[in-house]
Every structure is written in C-alpha cells, then in structure tokens.
Amino acid sequence: MKQKEGFILREVCGERVIVAEGLKTIDFGKLISLNETAAWLWGKAGEMGDFSIDQLTDALCAEYEVDAAQARKDVTAMVSQWQEIGIIE
C-alpha cells in the first residue's frame, strides 16, 4: 500500500489533519482529523513509501510501548479507515 499523491498532513488550529492539495481538492472536499499516534503513523507510512500493516505495526511497537497484538489491531483499523476514504492505494 502507499499514500495517494496529493494528500498531506497539516496542522490547522492546533489539530493534525490530512488535506488534499491541488486538483485532488476538487474530488476530496474534507479534512481528516488525526490524533497524535495516527498522525505519527501517517508520517511513517509516507517515509516508507510502500508499506504494509506488519511494517507499520513493527514501527509503532518500536516507537511506543504498546502490546504487539493491540498495535496490529489499531494499525489495521487505521489503515482500513484510510482505504475507506480513499487516501491510500
């Protein structure tokens, strides 16, 4: 999987949000608010380019003190949301 081109993380009024830039804004008229961990995951996915749930889970466990099973559940849920709203492919 990878992030679709044109979707970036910004800070707006103290909130971390994913927004569309350029022509993508025509098809995508919303902001996606992320908590600190979700924003970190989005950034890590961007650094990786192509990423998998396993890779993001491993990265999350390395960065935060979290149980691997819980991390995988959380990463899977977040990636599913990103797929549902169409910001990753």
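Residue numbering note: each chain is counted from 1, following its sequence as written. Given that the model is predicted, a residue must reach a pLDDT of at least 70 before its local features are reported, and side-chain atom pairs must reach 80 or more before they are shown or counted; all residues, however, enter totals for whole chains, interfaces and linings. Side-chain metrics rest on all non-hydrogen atoms present in the structure, leaving aside hydrogens and water.

Below, the discussion takes up helix H3 (residues 53-63). Exposed residues in this analysis have more than 50% of their type's maximum accessible area, buried residues have under 20%, and partly exposed residues fall in between, with area computed by a 1.4 Å probe over protein chains only. A helix here means a DSSP run of H or I that spans at least four residues, while a strand means a run of E at least two residues long, and both kinds are numbered starting from the N terminus. Listed as buried for H3 are Ile53, Leu56, Thr57, Ala59 and Leu60. Taken end-on, H3 shows its buried residues confined to a sector of 165°, consistent with a single buried face. What points out from H3, more than 90 degrees from its buried face, is the exposed set Asp58 and Ala62. Taken together, the buried residues of H3 touch helix H2 (36-48) and helix H4 (68-85). Each C-beta atom gives one direction from the helix axis, and the arc is the one those directions make. Note on contacts: a residue pair qualifies if any of its non-hydrogen atoms lie within 4.5 Å across the two residues.

This brings us to the pattern of salt bridges. Two side chains carrying opposite charge are able to pair once their charged atoms lie near each other. Salt bridges are defined as contacts in which a side-chain nitrogen from Lys or Arg sits within 4 Å of a carboxyl oxygen from Asp or Glu. As enumerated under the stated definition, the model contains three salt bridges in all. Taking the shortest distance from any N to any O, the salt bridge between glutamate 21 and arginine 10 comes out at 2.6 Å. One end of the pair, glutamate 21, is in the loop between strand E2 (15-20) and helix H1 (24-27); the other, arginine 10, is in strand E1 (residues 7-12), with eleven residues separating them in the sequence. The closest approach of N and O atoms between lysine 44 and glutamate 47, which form a salt bridge, is 3.2 Å. Here glutamate 47 and lysine 44 lie together in helix H2, a separation of three residues that amounts to about one turn. For glutamate 47, a relative accessible area of 61% gives the class exposed.

Here we come to the pairing of E2. One ladder, built from six bridges, connects E1 with E2; its direction is antiparallel. Paired with valine 12 across the bridge in E2 is glutamate 15. In short, DSSP must find at least two bridges between two strands for them to pair. Here E1 hands over to E2 after two residues, with cysteine 13 in that stretch at a positive phi of 50°. Pairing geometry for E2 and strand E3 (residues 32-34), over three bridges, is antiparallel. What sits directly across from arginine 16, in E3, is leucine 34.

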